[in-house]
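Take a look at the letters that make up each chain.
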Amino acid sequence: MRPRLFQTTSVRLAALGVGLASASAAVVFGVIYLGTLGALRTTLDTDIDNEISEIMVFGARTPPGVVAAGVRAAIAEPPTGTFFRLDDAQGRLIAGDLTLPMPTPGWHDLVAQHGAALAGHIRVLRARVERIGGGGTLLVAADATMLDELDELIRRSFLIGFGITLAIGLAAGIGFGRRALARVEAVSAAGEEIMAGDFTRRIPLSGSGDEFDHLARGINAMLARIEQLMGNIRAVGDEIAHDLRSPLARLRESLELMLRSGDPAVLPAALADAIAQVDAALALSAGILRLAQIESGARRASFAMLDLSRLLEDIAETYETVAEDAGAVLTARIAPGLALAGDAALLNQLFANLIENAITHGGPGTAIIVTAGRDDGGIAVSVADDGPGIPPERHAEALRRFGRLDASRSREGHGLGLALVAAIVGLHDGTMVLRASRDDAERPGLRVAISFPVAG
Ligand SMILES: Nc1ncnc2c1ncn2[C@@H]1O[C@H](COP(=O)(O)OP(=O)(O)O)[C@@H](O)[C@H]1O
Ligand SMILES: [Mg+2]
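The structure presented is a predicted model; accordingly, all values stated were derived computationally and were not measured. Numbering of residues starts from 1 in each chain and follows the order in which that chain's sequence is written. Following the order in which they are written, the chains are lettered starting with A and the ligands numbered starting with 1. Reporting of local features is limited, given that this is a predicted model, to residues whose pLDDT is at least 70; pairs of side-chain atoms are given and counted only at 80 or more, and all residues count toward the totals for whole chains, interfaces and linings. Based on all heavy atoms of the structure, the side-chain values leave hydrogens and waters out of the count.

Caption draft 1: Highlighting the overall build of the chain. Looking only at helices and strands, the chain features nine helices and 12 strands. Computation of the radius of gyration draws on C-alpha atoms alone. For the globule rule, the value is 2.2 Å times the number of residues to the power 0.38. Computed over its C-alpha atoms, the radius of gyration of the chain comes to 51 Å, more than 25% above the 23 Å expected for a compact globule of 456 residues. In terms of overall dimensions, the chain has C-alpha extents of about 155 × 55 × 35 Å along its principal axes. Buried means the residue's accessible area, taken with a 1.4 Å probe over protein chains only, is under 20% of the maximum for its type, while exposed means over 50%, and partly exposed covers the values in between. Buried positions account for 35% of the 456 residues belonging to the chain. It only takes one pair of heavy atoms within 4.5 Å for two residues to be counted as in contact. Here the contacts in the chain between residues at least 6 apart in sequence split such that 62% fall between residues at least 24 apart. About 25600 Å² of surface is accessible on the chain, with carbon and sulfur atoms providing 61% of the total. In this count, Lys and Arg are taken as positive residues and Asp and Glu as negative ones, while His and the chain termini are left out. Taken as the charge location is NZ of Lys, CZ of Arg, CG of Asp or CD of Glu. Positive and negative charge centroids in the chain, built from 42 and 54 side chains respectively, lie 5 Å apart. Secondary structure elements are defined from DSSP: runs of H or I of at least 4 residues count as helices, runs of E of at least 2 residues count as strands, and each element is numbered from the N terminus. Shrake-Rupley sampling with a 1.4 Å probe provides the accessible areas, and residues are treated as covered by the protein chains on show and by no other component.

Written out as structure tokens, the structure is:
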């Protein structure tokens, strides 16, 4: 199921952001609103209270005549935005400059629309109504239009600000959400194509270097490795099928020969031949398994610091006699104290393979030289012979699994030796090069140079 836009993290984060921004804006506006308006209202109310106490000098017991005189005096003062009205007990106007129905005693906000005829631009009046002696009523009011306008301004600003925050937040969230969805969908589309069998498919990068690109690069590297492994498996399968054929065909031939001849005298030789074929097939499958295990990298777990010099000395000693028996001469020039983190059994196999190759493929009379020493920042080991060598254009073929050059077909081996060497070198993060060991067109020899990096 594809994720929906409003389920994306981007949209949810945007909604959360908008919520928080709105909440903080509400608090800020609230403080401004209450602070400013509250202070202004208090000032206005104090002005009104002062006017009333000036007019009603004796409080509630001030005689109506004194109140009327006070009102007239206040009206006579230069305009201050304050308005007055004094009614008698029957509701008749005694003095004042406001013509509107007298409200009940107490505080009021008189709005122009409510039938009150207020002067000119005035929209709201803040008013206080007091009973006076003799049943009359006094109203003192102040222009509160500014207060009203400010109230509206603050409310409108808040609504506009809130609306803009909401719009930008949601637009950004939806935009980012869409983008994220598109990227995720590109990944799952690539995944589907890969599952359908296209192992060359990769996840497209946007080139922005964002977290999706980072993820895509990681996944692509993984896909490349998977593709390579799949290719290996396919190739190995083909090669196994191909290479097991010959020992099995020969085995079948030997068995058929035994069956046909009916001569017990040929039996021991034929059986020995059959066993040799079976051994060849077994050795081949063991080699393939070993190679697969090394290439998987699992053996790295068993790496330990080892004395490479000692290891090489031991191999050289072991193979000295083997070389002698084959009419070859093995010389070792190994620097002492070369330490390397690795797998001793595999390293043994690596150098044994190279020396065996030099003995087998170098031919009688070959001089084999094993060298080891420090190389800038690493360890350099080489195995060289002065045999027929391998022409440069056939190096790749020799290194391949089951790759054997024509001249070697008749000799023992499965063509796994150099492939194993390459895999073991790779497992130890080393590099390997094949080249001629000397300047001789007849017998250029083969020199396999390996360098291992030394950590730290
Ligand atoms: N020292 C060498 N001199 C000449 N040819 C070699 C040497 N080492 C390897 N080769 C060639 O490379 C091929 C692959 O070697 P390898 O993978 O060890 O397979 P094999 O089982 O044939 O020894 C050999 O069959 C041989 O043709
Ligand atoms: Mg070999």
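This is not the end of the story, as more comes after the structure.
Caption draft 2: Main features of the packing of helix H7 (residues 344-362) against helix H9 (residues 417-427). With their axes 9 Å apart at the nearest point, H7 and H9 run at an angle of 145° to one another. For the crossing formed where H7 meets H9, the hand is left-handed. Facing Leu346, Leu347, Gln349, Leu350, Asn353, Leu354 and Asn357 of H7, the residues of H9 in contact are Gly417, Leu418, Leu420, Val421, Ile424, Val425 and Leu427. For the contact of H7 with H9, a count of residues per class yields 10 nonpolar, four polar and no charged. Comment: axis = line fitted to C-alpha atoms, over the contacting stretch for helices; angle = value between 0 and 180 degrees taken between N-to-C directions. In this scheme the crossing of two helices becomes right-handed for a clockwise turn of the near helix relative to the far one and left-handed for an anticlockwise turn of less than a right angle. Residue classes follow a fixed rule: Ala, Val, Leu, Ile, Met, Phe, Trp, Tyr, Cys and Pro count as nonpolar, while Asp, Glu, Lys and Arg count as charged, and any other residue, Gly among them, counts as polar.

Caption draft 3: Structural context of H7. Given a helix with a known number of residues, its expected span is that number minus one, times 1.5 Å. The end-to-end C-alpha distance of H7, which contains 19 residues, comes to 26 Å, matching closely the 27 Å that a straight helix rising 1.5 Å per residue would cover. Where H7 begins, one side-chain oxygen reaches toward the backbone nitrogen of Ala345, 3.0 Å away; that side chain belongs to Asp343. One or two residues past the end of H7 sits Gly363, with phi positive at roughly 85°. Residues adjacent in sequence count toward polar contacts only when both atoms are side-chain atoms; beyond that, a polar contact is any pair of N or O atoms within 3.5 Å, and within protein one must be able to donate a hydrogen and the other to accept it.

Caption draft 4: A look at the nonpolar core. Leu308, Leu347, Leu350, Phe351, Leu354 and Phe452 are the most contacted members of the largest nonpolar core, which has 51 residues in total. Among the secondary structure elements, those contributing two or more residues to this core are helix H5 (267-296), helix H6 (308-325), strand S7 (329-334), H7, strand S9 (367-375), strand S10 (378-385), H9 and strand S12 (446-453). Ranked by the residues each element gives to this core, the list is headed by H7, at nine residues. Taken domain by domain, this core gets at least three of its residues from each of domain 2 (225-296) and domain 3 (302-453). For the purposes of this section, nonpolar cores are sets of buried Ala, Val, Leu, Ile, Met, Phe, Trp, Tyr and Cys residues that join through side-chain atoms within 4.5 Å. Counting 20 residues, the second-largest nonpolar core is a separate cluster that includes Ile55, Ala95, Val124 and Ala144. These domain boundaries are the output of an automatic or database domain assignment.

Caption draft 5: Spotlight on the sheet that holds S9. Spatial strand order, S7-S9-S10-S12-S11: five strands in an open sheet with mixed pairing. At either margin of the open sheet sits one strand with a lone partner, and together these are S7 and strand S11 (431-435). Strand-to-strand, the axes of this sheet are offset by a mean angle of 10°, without reference to chain direction. Any two strands with at least two DSSP-identified bridges between them are counted as paired. As paired elements, S7 and S9 share six bridges and run parallel to each other. Bridged to Ala332 within S9 is Val370.

Caption draft 6: Inspection of the environment of Gln349 at higher detail. Locating Gln349 in the fold gives a position in helix H7. Judged by its relative accessible area of 18%, Gln349 is buried. Among all residues touching Gln349, those that are not within four sequence positions of it are Arg290, Leu420 and Ile424. Side-chain polar atoms of Gln349 contact the side chain of Arg290, separated by 2.4 Å.

Caption draft 7: The packing of aromatic side chains, seen in detail. Paired rings are identified among Phe, Tyr and Trp, the last through its six-membered ring, by centres lying within 6.5 Å, and are further divided according to the angle between planes into stacked (under 30 degrees), edge-to-face (over 60) and tilted (the rest). Tallied over the full model, the rule gives two aromatic pairs. For the ring pair Phe29 and Phe158, a centre distance of 5.1 Å and an interplane angle of 70° mean the geometry is edge-to-face. Residue Phe29 is located in helix H1 (residues 9-55), and its partner Phe158 is located in helix H3 (residues 145-195); the two are separated by 129 residues in the primary sequence. Its relative accessible area of 23% is what places Phe158 among the partly exposed residues. Seen in terms of ring centroids, Phe158 and Phe162 are 6.0 Å apart; in terms of plane orientation they differ by 20°. Their pairing is stacked. Pair noted here: Phe158 and Phe162 are both in helix H3, with a separation of four residues, about one helical turn. An aromatic cluster of three or more residues is present, and its members are Phe29, Phe158 and Phe162.

Caption draft 8: Broad picture of the UniProt feature "domain: HAMP" (unreviewed entry) in the chain. UniProt positions are given in the numbering used here, feature names are shortened, and annotations may be inferred rather than shown by experiment. Cross-referencing UniProt, the feature "domain: HAMP" (unreviewed entry) maps to residues 178-231 in the present numbering. For the annotated span residues 178-231, helix accounts for 72% and strand for 0% of the residues, and the straight-line distance between the end C-alpha atoms is 37 Å.

Caption draft 9: Seen up close, the pattern of salt bridges. Here a salt bridge means any side-chain nitrogen of Lys or Arg lying within 4 Å of a carboxyl oxygen belonging to Asp or Glu. For the structure shown, the criterion picks out 24 salt bridges. Across the salt bridge formed by Asp109 and Arg126, the nearest N and O atoms sit 3.1 Å from each other. In this pair, Asp109 sits in strand S3 (residues 106-111) while Arg126 sits in strand S4 (residues 124-131), placing the two residues 17 residues apart along the sequence. Classification of Asp109 as partly exposed rests on a relative accessible area of 40%. With a closest N to O distance of 3.0 Å, Asp440 and Arg438 form a salt bridge. With a relative accessible area of 28%, Asp440 lands in the partly exposed category.

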